[in-house]
Structure formats: C-alpha cells, structure tokens
Amino acid sequence: MTSTPPAADRPAGPEHPAPHASGELPPITMVGPDFPYPYDDFLAHPAGLGQIPATEHGAEVAVIGGGLSGVITAYELMKMGLRPVVYEADRLGGRLRTVGFEGCDPELTAEMGAMRFPPSSTTLQHYIDLVGLRTRPFPNPLAPGTPSTVVDLKGVSHYAETVEDLPRVFRDVMDAWNTCLEEGADFSGMNRALRERDIPRIREIWARLVEKLDDQTFYGFLCDSPAFASFRHREIFGQVGFGTGGWDTDFPHSILEILRVVYTEADDHHRSIVGGSGQLPLRLWEREPGKITHWPAGTSLSSLHGGEPLPAVTRLRRAADGRITVTDASGAVRGYRAAVFTAQSWLLLSRIACDDGLFPIDHWTAMERTHYMESSKLFVPVDRPFWLDKDEETGRDVMSMTLTDRMTRGTYLLDNGPDRPAVMCLSYTWCDDSLKWLPLSAEERMEVMLTSLGEIYPKVDIRRHVIGAPVTVSWENEPWFMGAFKANLPGHYRYQRRLFTHFMQDRLPADKRGIFLAGDDISWTAGWAEGAVQTALNAVWGVMSHFGGATDPTNPGPGDLFDALAPVELPED
C-alpha cells in the first residue's frame, strides 16, 4: 500500500488469469489497449527502426526538450544518419531527476521525479539494459522486500509485514476493488488479451469500454459498483488503497486512465534504478552506438552538440519556405525541415511564443484541455537505516513504510545497507495534497512532516538521525513543467486521441506537417517513462517518413500498422 495515486503507483488488480493448459501465459507488458503496437519487438528487431535516403544524411532535426523522450528521439534519429539538435531549458533528464544532498556522501540521492518502474515497461527496459544500468526492487508497502508497513488512519495505526496482518476491512476493500474491475471492466479478459497480444479481442473489449466510460470519473465508477456500496470502503480505498496505493486524489479523473494502468499491471512489482534514474538519459547522451549510419564511429549526441544541448526555446514559427524556425534563449534562430516537441504541451501556450498555424485548431484545443496533476516530494539524508531497530516492548521495527491520512500521506525508507547513510522520503503527495505544501519552504515542510510522523511514532526521534538539509520539489511550481503529468478528466478521450495520433501526418494539411509531438503527456499512459519512450518511437517513425525513409518490411513501425491498430474513434457530432 502507498498513499501515492495513479501514474506513479496504482493498486494491484485481480489475480492473474489462469495459465493455459500448455503453460503460463506470456508476461504482461505496457502494450496498452488504445494502440496495441509491439514497441518492444520493434526495438529488438535486428533490422532496426528504418532508414532514410542517403541524400538526407546529416539533415538537421530540432528536438525540443531533453527529457527521456527527447533524448531517445535524438539518439534514434542520430543512428539513422540525421543530425538531431537538442534544446533543453533546464537540465538533461526532465522528470528523471536524481539529485544529491549538499555536503553528504554522493551515494545518497533523491529521486525528485520518476523513482519506480514496473517490469511491464519493456521498451524502457530496452534502454536501461542498453546503457548497462541495474535495477532493484523498490520498497513499496507490503512488497516482498519491504520489512514492514504501517497504515495510520483516523489516528489508529496498524503494523503489518504482510497483507494478512492488516484488519479484515482492508482485505474487504481489496476484494471490492477486484470485483469492481472484473464486473465493470472485464479485467481478466483484457489482461489475458494483452498478454497474448490478441489484437481483435483487445480492440473489441476496449471499444465497448471507451464508448461506455469516457464520461465517467474514477469515483463514479466505484459508486456504480455494488461491491463499493459502502462509503467506508470507498473512503479507505481512497486514503490507503491496497497493493501500491491510495487513490482519492485521482477520484475526479477519467476511469479510462486507471484502467490503462491496472490492465497492464504498471502498478506492480516496481523496481528502482541503482544510482538513480537520471543516469539513463545522461548515459544515452554520451553513448556511442555500435551501429550507426553516416556518422563516424565514436559519434554521440554529446559530441554532436559539443557536450551541451542548446538553451531554452523561446519561439516557434513556420517560415515562408515551410521550415520550422526555432529561436532559443540566446537569440539564435535556426530553421529545420522537421522538429519534435517533447516537453509538456502547456509550454506551447505560455512560455514559448508559438505560431497558431503550426498545429490544427483541434490539436490546440486538445493541448489547452490537457489536465496535469500536481506532485510534491521531500527527502532527507539520515545517518543509518534506524527504522530497522527493534522496539524493546513489541519486537517490531521502530518505524515502517508509512501510509496515512495525515499531511505526509506516504513515507518511504530507502537504505543502502546496514549502518550506512540512508535516505527518507518523508512525504510523497499528489494534487490537492501537493498544493497544501506549495507555499512552504523545504525546512518548513520538513518541520510539519516530522511533527506528523512524531504523532505516529512517538518513541522515535527522527530528527536526531538527520544529517543534512532536505531537498524538495513541487512539480506544479517548476517553470518548465507546470505539473507532474497529464491525467485526463472525463470526456477527454477525443483530445488524447488527437495528440497521440499527431505523428500520422499524412492525415494533416500540408502546412501543418513537419512538427511532431512526443512525450509522456502525448501518450496514453502519462506519468510513466514507458509512455515517453513509446511516443518518442512514434516521432522517430514520423520524422523518418517525413524525410522519405521507410522501415524494413520485416519490422513494420507504428505508422505502418496504424490503420490496423488505430485507437477507437468516438463520434464528435
């Protein structure tokens, strides 16, 4: 259990479908129900992602945003023989942001953005493996590697090492959610179809649910289920949930957002990247591909850029010759035949002066209607994993991974081994819970958090173990993000479809082509690194096609199979 709601952690779904008589079902992946294209197979194929004509080798492509989606887009375009030109306003990595603590051991790090990744993120795993990073289990509540969990609700604390240690009401809530998913969303049927990549079955189930549920909130979906007739059960589910988290801050959002995640088990078996997730984009930036077209051996994104990306983009417009003209913060102006925008789309409405004519009006509307969730975290370094000390009276851990309805909501304990300095994530919150922290400094936040945790653990002096200043983030206050990630409201399916399908530019007027949208908020699974990777690969296919290139016939790309896999199209009249 955890108090972090969707797009970072989700409650687990029902039991996995029974195995076939011939053996276990294939593993689940984030080949989601909206566009069930096998991105992982596309990446793994020996034929590669495609080729462009030799006459186009060395052509420049602007890549705006140096987060994971932007770096992967640039890396794959470079391998094809194009010259990506990356612009980054802040720092490479985007929301894969790993920071240290001033004056502390450099091995102590804090994940200000993405910090846990499900095994179903198979295209993400491709790049993790490519750059030689390792992962380890993340200490989610009640996970096998988590020593203990405390659930603190309405002033009463419950200590548990397994779910069976919790009061019966929590298991009743879990059962209610499983029943709700099964009866209201055919969970087992979709989970099986996604495992088997049974495209007709996936599309049949999802088309029916999209039409039925697009205007339904998550909370309304619960209320419609007889399994959640009890308000008490809905309240507990919202505050604590089960498996990996509570959900109340997500209750106003579309139930389709939730189903995408629980179907693909993106909420389950989370792992963290050893040394920090921020290493992934940085290593890709420096990596010299073994197989590369046009560029000499030893070429990397870093070498193409002289070590650093270009600064923030301040203006985008279309020139008379059809090129995309990019102005950066230094005042430099450069024109490109193609550009990929991977930053959060709200920046096109405010911080970047963008010509209206670059996108069709329906796409502008979709960007304007994008709804972002807020998110905040605060970390402190401590002298050792003192939480593993035993209480003399009870024999229990003196402190545990903590879920509560108090201000902190979720507290995570991250150790590096016995008697070594460790890190505490004192609080991890979302939406309204995040906004409660917004006016407070890091030190003020820490004081409130320590007071709150002191009420749960009156015998534990957390403060005496703290060895450095806290670090904090509120993503809604970050000027180049303005929120943590997209979370669609009811009725937003059509908007999301417009954004996701933007890479299919033969559907657009000629004067709207050449600029491509990518990033996790363009994906169907915002807040997950997997969505950032998948939309990057869509954009790579789009740019390749724009330059007259094509995929190998044995490895068709997402655009090649688009008509067979296209997302459900709801009527607009």
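Just so it is clear, the structure is predicted and the values come from calculations on it, not from any experiment. (Residues numbered from 1 in each chain as written. Predicted model: local features only at pLDDT ≥ 70, side-chain atom pairs only at ≥ 80, totals over all residues. Heavy atoms only, no water.)

This part takes up the overall build of the protein chain. Along the protein chain, the regular secondary structure elements total 17 helices and 21 strands. Relative to the 2.2 N^0.38 estimate, which gives 25 Å for 573 residues, the radius of gyration of the protein chain is 24 Å and therefore close to what a compact globule would have. A principal-axis box enclosing the C-alpha atoms of the protein chain has dimensions of 75 × 55 × 45 Å. A total of 573 residues make up the protein chain; the buried ones form 60% of that total. Accessible surface, the protein chain as shown: approximately 21,300 Å² in total, 51% of it carbon and sulfur. (Helix = DSSP H or I, 4+ residues; strand = E, 2+ residues; numbered from the N terminus. Rg over C-alpha atoms; globule rule 2.2 N^0.38 Å. Buried < 20%, exposed > 50% of the residue type's maximum accessible area, 1.4 Å probe, protein only. Areas by Shrake-Rupley, 256 points an atom, 1.4 Å probe, with all protein chains shown as cover.)

Across the sheet, which stays open at both edges, the four strands sit in the order S2-S1-S12-S21 with parallel pairing between neighbours. At either end of the open sheet lies a strand with only one pairing partner, and these are strand S2 (83-87) and strand S21 (515-517). Each strand of the sheet is rotated relative to its neighbour by a mean of 20 degrees, with strand direction disregarded. For strand S1 (residues 60-64) and strand S12 (residues 339-341), the ladder comprises three bridges, and the chain directions are parallel. Looking across to S12, one finds that Val63 is bridged to Val340. Across the sheet, helix H16 (residues 529-546) is in contact with S1, S12 and S21; its angle to S21 comes to roughly 165 degrees. (Pairing = 2+ DSSP bridges. Axes fitted to C-alpha atoms, helices over the stretch in contact; angles between N-to-C directions. Contact = heavy atoms within 4.5 Å.)

This paragraph deals with the layout of surface pockets. For the second largest pocket, the calculated volume is near 520 Å³. What lines the second largest pocket is a set of 24 residues, and nearest its centre among them are Ala47, Gly48, Leu49, Lys79 and Lys291. Among the elements of the structure, helix H2 (68-80) and helix H3 (122-130) are those that each provide at least two residues to the lining of the second largest pocket. In terms of residue count, H2 provides more of the lining of the second largest pocket than any other element does, four residues in total. (1 Å grid on protein atoms, 1.4 Å probe; cavity = no way out; pocket = protein on both sides within 12 Å on 5 of 7 lines; lining within 4 Å. Points joined across faces, edges and corners; volume = space filled by probe spheres on them.)

This part takes up the pattern of salt bridges. One pass over the structure, following the stated rule, counts 39 salt bridges. Put simply, Asp175 and Arg168 hold a salt bridge, and the shortest N to O gap is 3.2 Å. What emerges from the salt-bridge pattern is a single network uniting Asp34, Glu257, Arg260 and Lys486. (Salt bridge = Lys/Arg side-chain N within 4 Å of Asp/Glu carboxyl O.)

Moving on, we get to the nonpolar core. By size, the foremost hydrophobic cluster in this structure holds 124 residues, and its most contacted members are Trp177 and Leu280. Sort the elements by how many residues they give to this core and H16 lands first, with nine residues. Residues Leu316, Ile324, Phe341 and Leu348 belong to the second largest nonpolar core, which totals 26 residues. (Core = buried A, V, L, I, M, F, W, Y, C linked by side-chain atoms within 4.5 Å.)

Relative to the assigned elements, Val156 resides in strand S7 (residues 156-160). Put simply, Val156 and Glu24 are 132 residues apart on the chain and 42 Å apart in space, counted from C-alpha to C-alpha.

Time to look at the sheet that holds S7. Spatial strand order, S7-S6-S16-S17-S18-S15-S19: seven strands in an open sheet with mixed pairing. At either margin of the open sheet sits one strand with a lone partner, and together these are S7 and strand S19 (471-474). Direction aside, neighbouring strands of the sheet carry axes that sit 15 degrees apart on average. Inspection of the sheet shows strand S6 (residues 149-153) paired to S7 by five bridges, in the antiparallel sense.

The next thing to look at is the environment of Gly93. Within the secondary structure, Gly93 sits in the loop between S2 and strand S3 (98-100). With 187 residues separating them along the chain, Gly93 and Leu280 place their C-alpha atoms 7.9 Å apart. Other than its neighbours up to four places away in sequence, Gly93 contacts Gly66, Gly67, Leu68 and Pro281.

With that settled, the discussion passes to the packing of aromatic side chains. One pass over the structure, following the stated rule, counts 31 aromatic pairs. With a centroid separation of 6.0 Å and 85 degrees between ring planes, the pair formed by Phe218 and Phe237 is classed as edge-to-face. A residue pair is termed long-range when its members are at least 10 positions apart, and Phe218 in helix H7 (residues 218-223) and Phe237 in helix H8 (residues 231-239) qualify at 19 residues. Phe237 carries the same exposure label as Phe218, and that label is buried. Ring geometry for Phe218 and Trp247: centres 5.1 Å apart, planes at 80 degrees, overall edge-to-face. Of the two residues, Phe218 sits in helix H7 while Trp247 sits in the loop between H8 and helix H9 (255-263), which places them 29 residues apart along the sequence. (Phe/Tyr/Trp six-rings, centres within 6.5 Å; stacked < 30°, edge-to-face > 60°.)

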